[in-house]
Amino acid sequence: MSNKNTKLFILIDGSSWLYRAFHALPPLTNPEGEPTGAIYGMTNMLRKLMREYTDEHIAVIFDPRGKTFRNDLYADYKANRPPVPPDLEPQFEGIRDIIQALGLPMMQVDGVEADDVIGTLAVRAAAAGRRVLIVTSDKDMAQLVNDDIQLLDTMQNRLTDIARVHEKFGVGPERIIDYLALAGDTSDNIPGVDKVGPKTAAKWLHEYGSLDGVIEHASEIDGKVSENLNAVLDQLPLYKDLATIRCELELDMRVDELVRGPEQPDALRALYKRFDFKAWVRELDETDADDVDVADIPAAPEEVNYHTVLDEAAFDDLIKALEAAELICVDTETDALSAMQSGLVGLSFAVKPGQAWYVPVAHNYPGAPDQLNRETVLERLKPILEDPGKPKLGQHIKYDINVLARHGVRVQGADFDTMLESYVLNSTATRHDMDSLAQKYLGRETIKFTDVAGKGAKQLTFNQIGLEAAGPYAAEDADITLQLHEHLYPQLAADKQLKTLFTDMEMPLMPVLAAIEHTGVLIDTQFLRNLSQEMGTRMVRLEEAAYKEAGGKFNLGSPAQLKDILFDHLELPVIRKTPKGAPSTAEDVLHELADKHALPQLILDWRELSKLRSTYTDKLPEQVNPQTGRVHTSYHQAVAATGRLSSADPNLQNIPIRSETGRRIREAFIAPDGYKLLAVDYSQIELRIMAHLSGDKGLISAFKEDRDIHQATAAEVFDTPLDDVTGDQRRAAKAINFGLMYGMSAFGLARQLKIGRGEADAYIDKFFDRYPGVRDFMDNTRKQAAKQGYVETLQGRRLYLPEINARNAQRRQYAERTAINAPLQGTAADLIKLAMIDIHAWLAKQSSPTRMIMQVHDELVFEVPAGDAEVMAQALSERMCAVISLDVPLLADAGIGDNWEQAH
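Residues numbered from 1 in each chain as written. Predicted model: local features only at pLDDT ≥ 70, side-chain atom pairs only at ≥ 80, totals over all residues. Heavy atoms only, no water.

Would you mind going over the pattern of salt bridges in detail, with residue names and values included?
Enumeration according to the criterion identifies 38 salt bridges in this entry. Taking the shortest distance from any N to any O, the salt bridge between Asp185 and Lys139 comes out at 3.4 Å. Taken together, the residues Asp185 in the loop between α7 (176-183) and α8 (198-208) and Lys139 in the loop between β4 (130-135) and β5 (149-153) connect sequence positions 46 residues apart. Connected through shared salt-bridge partners, Glu506, Arg797, Asp830 and Lys833 make up one network. (Salt bridge = Lys/Arg side-chain N within 4 Å of Asp/Glu carboxyl O. Helix = DSSP H or I, 4+ residues; strand = E, 2+ residues; numbered from the N terminus.)

Written out as structure tokens, the structure reads:
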């Protein structure tokens, strides 16, 4: 645009927007049954535009009801358009009410189309020295483009200037009217010349200069279209007239009168409540500062083209599209949930919003059509998928990487993952599965797996699903993932810390986790079976002892029966009640009751054995992959709000380390012949991070001098010489050290140490007197969290705390405890991730046979050639301690053994 007044004059084609919103969104209704989908979609777009162009003039122009002057010129003008859909008709009034409440000027002129009103206003604004932006997807408007007027298609997020008009149509803006007269306009039912398309129209205009030139030289044009051209020569001036936007209308309002006014919150609130737009009501009420602004929800693509690829020609087209793409979204469909045991059923791809392909390769239901050969498909895709220079995108792409690795394709260039983009942006805002993300960030209801596969015992595996349902489902997965990326990644890129966290930690970690999962861990199944039998025998003995203490048989696994025995029969005190008012039999309650009677401890011991047996000793042997002979867990990057990893199938994070039985289960994790297991564990990492973050001189000094931190704390708190600290004092100091990090109150400390509340208060006061930097850190963290709504780790990971300013004291205090702990636990989680990335790369450079096989909290476990174990123990410990520099030294303890328990 030319260098005019920097403020824009924005004109919105309101009728077009409302139609597009109607067709883009699902048919929403409010509780009274009124249709609201188009209102919701257009309001979304308006709010987003208003956020992006805060100080600009914005006006919305609607088409009139009934016919216009063009119908007088040509009776069939727009005759092919269907009537307004019944569900859309009543939404025009609602959107007008919202536009008015938003403070936007609005125009509708009887007998005159919105295009002509917009054209007139645009020309007048440009003449008055304004820069004009017309928000529309109507190609007719291209005739208005000049140095001062541009078009914006918000659906495609694309600006159209003079160069873009030439690129799109093959002619300049000054020839668009002639172009439409020749090529026709199906949306307006302007016939044009039969069989003359955009290329021919542009060619003729280049050759003859204008429509008049084409008419004048019609006799020189030969070929099949010559007759068609000559048949409508007399009609072409009419077609041109129909396509011409009138820019000299007499209008009641001047350009300078179309001024954006203030929003009307009360009117908006009433309208949002009427239409059941709850998120926007909450936003107006300002009750949730962390609620994502729904104005950021982008509109869906106007057209959706999903292709099921069944022949070589279609596959060739896909390959060409992938080779030309700047970013490839890839997704796999399989016949099982486990990436390490599933067969590849198909692949879906997307390279631009609204277009996607599904390539089925193994649907084998009765009557399934012929499909391309899986090996042939993978062979042709392999160079693309293994090219590190071609960026790939996925939703939880680690799964797809492992699936494809099992089928001989080593994916490279996996640079983006929408699950992790959402997680890094805000780990607590939503679940990070695709369906939840689509609903929250795109306002889209996706096709669910149960919609195509069914539920329960009759649920089909994907290879059994008909392609008429499987194709759109799979293609949508890729398309929606791409749309999510285009919405989420710019937000990450706008924040340097979050972008670094994503690009330098979470994405590099993903292939490391994929490799660990793919490697798996060797277990001794016979040892577990023997242990399970031993545990079963012990459980029987515990049951008999429990029956004796209770005075009769009962179901130890029944909370209701246990409640009756503990509180009615034995008359033990009720420590806590459930939300429904019944006495609680939770684990912490039973621990407290164990001092008063023998039965609670018997129940606790029985529960632990029952859980360990069902979760590990019975189940682990069933989870051995028959193809690899190993157990392959799945690590989750986007579950724990603080950034900690978790694992499932099996869960390796919850094997108890302090109990004898838990330690015995670890004996079942073994090294293969010729190897040892090496476990390297950060020592007191969260306390060291507390020392660094708080800057407390006493804590820093204790760590730098390599003192026993719990003994040092005991000496400070109890004012006792270091060498005279008793075991009970050290135990109390340890409870204080760890308890304060997790927000433990004096009441909680008193209960844990079995001391009086006053004594616990005194311990805590002494602790803070000796370590004032810790108190300051905790106080400042609470204040900062209340002010900004989140806390951060050292690496900039954010944990949002929506309850930090809650009126309810209990909820607010919980958020405050979380605010103190999250930077510590989150920074520890970030450190282990950085260590994994560094060690994985280092081992690859060394071409070492050493393999990382497990990550559990602050510990990494490796399979190491027996002869290299001692050297590797030192090298890996040093690398783990060097990933970050703190004000206190990091310490990583290493252990070596034939099994995990020996190495730990």
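That shown, we press on.
So what about the pairing of strand β12 (residues 414-417)? Which residues, and what values?
Taken together, the three bridges between strand β11 (residues 392-394) and β12 define a ladder with parallel strand orientation. What sits directly across from Lys392, in β12, is Ala414. Between the parallel pair β11 and β12, the chain is carried across by helix α16 (residues 397-406), and the sense of this crossover is right-handed. (Pairing = 2+ DSSP bridges. Right-handed = clockwise from strand over helix to strand, strands pointing away.)

Outline the nonpolar core, supporting the account with residue identities and numerical values.
The nonpolar side chains of a soluble globular protein tend to be buried with one another. Counting 173 residues, the largest nonpolar core has Phe349, Phe669 and Phe862 as its most contacted members. The residues touching Phe862, leaving out its near neighbours within four places in the chain, are Lys676, Leu677, Leu678, Val680, Ile839, Leu843, Thr850, Arg851, Met852, Ile853 and Leu876. Counting 56 residues, the second-largest nonpolar core is a separate cluster that includes Ile61, Val145, Ile190 and Val232. (Core = buried A, V, L, I, M, F, W, Y, C linked by side-chain atoms within 4.5 Å. Buried < 20%, exposed > 50% of the residue type's maximum accessible area, 1.4 Å probe, protein only. Contact = heavy atoms within 4.5 Å.)

So what's going on with the environment of Gln150? Residues and values would help.
Looking at the secondary structure, you find Gln150 in strand β5. With a relative accessible area of 12%, Gln150 lands in the buried category. Gln150 sits 15 residues away from Val165 along the chain, and the two C-alpha atoms are 10.0 Å apart.

Talk me through the side chain of Glu333; I want residue IDs and the actual numbers.
Topologically, Glu333 is positioned in strand β8 (residues 328-334). Look at Glu333: it is buried, it has no salt bridge, and the nearest opposite charge is Arg374 at 12 Å. Residues in contact with Glu333, not counting those within four places in the same chain, are Gly343, Leu344, Val345, Gly346, Tyr358, Phe462, Tyr473, Ala474 and Asp477. (Lys, Arg positive; Asp, Glu negative; His and termini not counted.)

Account for the environment of Val117, with residues named and values stated.
Relative to the assigned elements, Val117 resides in helix α5 (residues 114-127). Residues Val117 and Phe62, spaced 55 residues apart in sequence, show a C-alpha to C-alpha distance of 9.0 Å. In contact with Val117, other than residues within four places in its own chain, are Ile61, Met107, Val109, Val112, Leu249 and Leu251.

An account of α16 is requested, with residue identities and associated values reported.
Counting buried residues along α16, nine of its ten residues qualify, which places the element largely inside the surrounding structure. Those residues of α16 not exposed but buried are Ile397, Lys398, Tyr399, Asp400, Ile401, Asn402, Val403, Leu404 and Ala405. In the stretch just after α16, Gly408 is the one whose phi turns positive, near 90°.

Can you lay out the sheet that holds strand β17 (residues 675-682) for me, pointing to particular residues and giving the numbers?
Remark on secondary structure: sheet strands pair via backbone hydrogen bonds, oriented parallel or antiparallel. Read from one edge to the other, the open sheet built from four strands follows the order β20-β21-β17-β22, with strand pairing classed as antiparallel. The sheet is open, and its two borders are formed by β20 (851-856) and β22 (892-897), each paired with just one other strand. Across the sheet, the axes of successive neighbouring strands diverge by a mean angle of 20°, strand direction being ignored. As paired strands, β17 and β22 are joined by six bridges and run antiparallel to one another. Within β22, the residue paired with Leu678 across the bridge is Ile896. Across the sheet, helix α35 (residues 869-881) is in contact with β17, β21 (859-865) and β22; its angle to β17 comes to roughly 25°. (Axes fitted to C-alpha atoms, helices over the stretch in contact; angles between N-to-C directions.)

I'd like a rundown of the side chain of Gln483, residues and numbers included.
Along the polypeptide, Gln483 turns up in helix α20 (residues 467-493). A polar atom in the side chain of Gln483 sits 3.3 Å from the side chain of Arg444. (Polar contact = N/O pair within 3.5 Å; in protein donor to acceptor, adjacent residues only side chain to side chain.)

Could you give an account of the sheet that holds β11, naming the residues involved and the relevant values?
The six strands lie next to each other as β7-β10-β9-β8-β11-β12, forming an open sheet whose pairing is mixed. Single-partner strands in this sheet number two, and they are β7 (305-308) and β12. With strand direction ignored, the average angle separating the axes of adjacent strands in the sheet is 25°. Relative to β8, α16 is tilted by about 65°, and along the sheet it contacts β8, β9 (344-352), β11 and β12. Packed on one face of the sheet, helix α17 (residues 418-425) meets β11 and β12 and runs near 55° to β12.

Describe the environment of Gln108, and please don't skip the residues or the numbers.
Note on placement: Gln108 falls in the loop between β3 (106-107) and α5. Linking Gln108 and Asp868, residues 760 residues apart in sequence, is a C-alpha distance of 81 Å. When residues no more than four places from it in sequence are discounted, the contact partners of Gln108 are Phe62, Asp63, Pro64, Arg65 and Arg96. A polar atom in the side chain of Gln108 sits 2.6 Å from the side chain of Arg96.

I'd like a description of the packing of α17 against α20, backed by residues and values.
The N-to-C vectors of α17 and α20 enclose an angle of 35°; their axes lie 9 Å apart at closest approach. Both α17 and α20 take part in a crossing whose hand is left-handed. Packed against α17, whose contacting residues are Thr418, Glu421, Ser422, Val424 and Leu425, the element α20 presents Thr481, Leu484, His485, Leu488, Tyr489, Gln491 and Leu492 at the interface. Here the residues of the contact of α17 with α20 are counted per class, giving six nonpolar, five polar and one charged. (Left-handed = near helix turned anticlockwise from the far one by under 90°. Nonpolar A, V, L, I, M, F, W, Y, C, P; charged D, E, K, R; others polar.)

A description of the confidence of the model for the protein chain should follow, citing residues and the corresponding values.
Per-residue pLDDT for the protein chain averages 88, and the proportion of residues at 70 or more is 96%. Confidence drops under a pLDDT of 50 for residues 1-5, and excluding neighbours within four residues, the segment shows 18 contacts in the predicted structure. Counting contacts from residues 287-295, a segment whose pLDDT is below 50, to residues more than four positions away or on other chains yields 25 contacts. (pLDDT = per-residue confidence, 0-100.)

Tell me about α35, and name the residues and values.
Between its terminal C-alpha atoms α35 stretches 18 Å, which fits the 18 Å expected from 13 residues at 1.5 Å a residue. Turning to α35, its buried residues are Ala869, Met872, Ala873, Ala875, Leu876, Ser877 and Met880. Where α35 is buried, its residues touch β17, α34 (809-846), β21 and β22. (Expected span 1.5 Å × (residues − 1).)

A description of the packing of aromatic side chains should follow, citing residues and the corresponding values.
Between two aromatic rings, the relevant description is the distance of the centres plus the angle of the planes. One pass over the full model with this rule turns up 21 aromatic pairs. Plain terms: the ring middles of Tyr790 and Tyr800 are 5.2 Å apart, the flat faces sit at 55° to each other, and that makes the pair tilted. Of this pair, Tyr790 sits in strand β18 (residues 790-792) while Tyr800 sits in strand β19 (residues 798-800), placing them ten residues apart in sequence. For Tyr790, a relative accessible area of 15% corresponds to the buried category. In this structure an aromatic cluster arises from ring pairing among Tyr40, Tyr272, Phe275, Phe277 and Trp280. (Phe/Tyr/Trp six-rings, centres within 6.5 Å; stacked < 30°, edge-to-face > 60°.)

Let's hear about the packing of helix α29 (residues 709-717) against helix α30 (residues 727-741): which residues, and what values?
Where α29 meets α30, the closest approach of the two axes is 8 Å, and the angle between their N-to-C directions is 100°. The angle between α29 and α30 falls in the class roughly perpendicular. Contact residues: α29 offers Ile709, His710, Gln711, Thr713, Ala714 and Val717, while α30 offers Gln729, Arg730, Ala733, Lys734, Ile736, Asn737 and Phe738. When its residues are assigned to classes, the contact of α29 with α30 shows six nonpolar, five polar and two charged. (Parallel < 35°, antiparallel > 145°, perpendicular 65-115°, else oblique.)

Tell me about unusual backbone geometry, and please be specific about residues and values.
Leaving glycine out, the prevailing phi sign among residues is negative, and the prevailing peptide bond configuration is trans. Cis geometry marks the peptide bond from Asp649 to Pro650; its omega dihedral reads 5°. The residue Pro650 is located in the loop between β15 (646-648) and α26 (660-666) in this model. Residue Glu571 is not a glycine yet carries a positive backbone phi of 55°. Among the secondary structure elements, Glu571 is positioned in the loop between α23 (559-569) and α24 (587-593). Here Glu571 falls in the exposed class, since its relative accessible area comes to 64%. Here the phi dihedral of Gln684 falls at roughly 45°; this positive angle occurs in a residue that is not glycine. Residue classification places Gln684 among the partly exposed residues on the basis of a relative accessible area of 24%.

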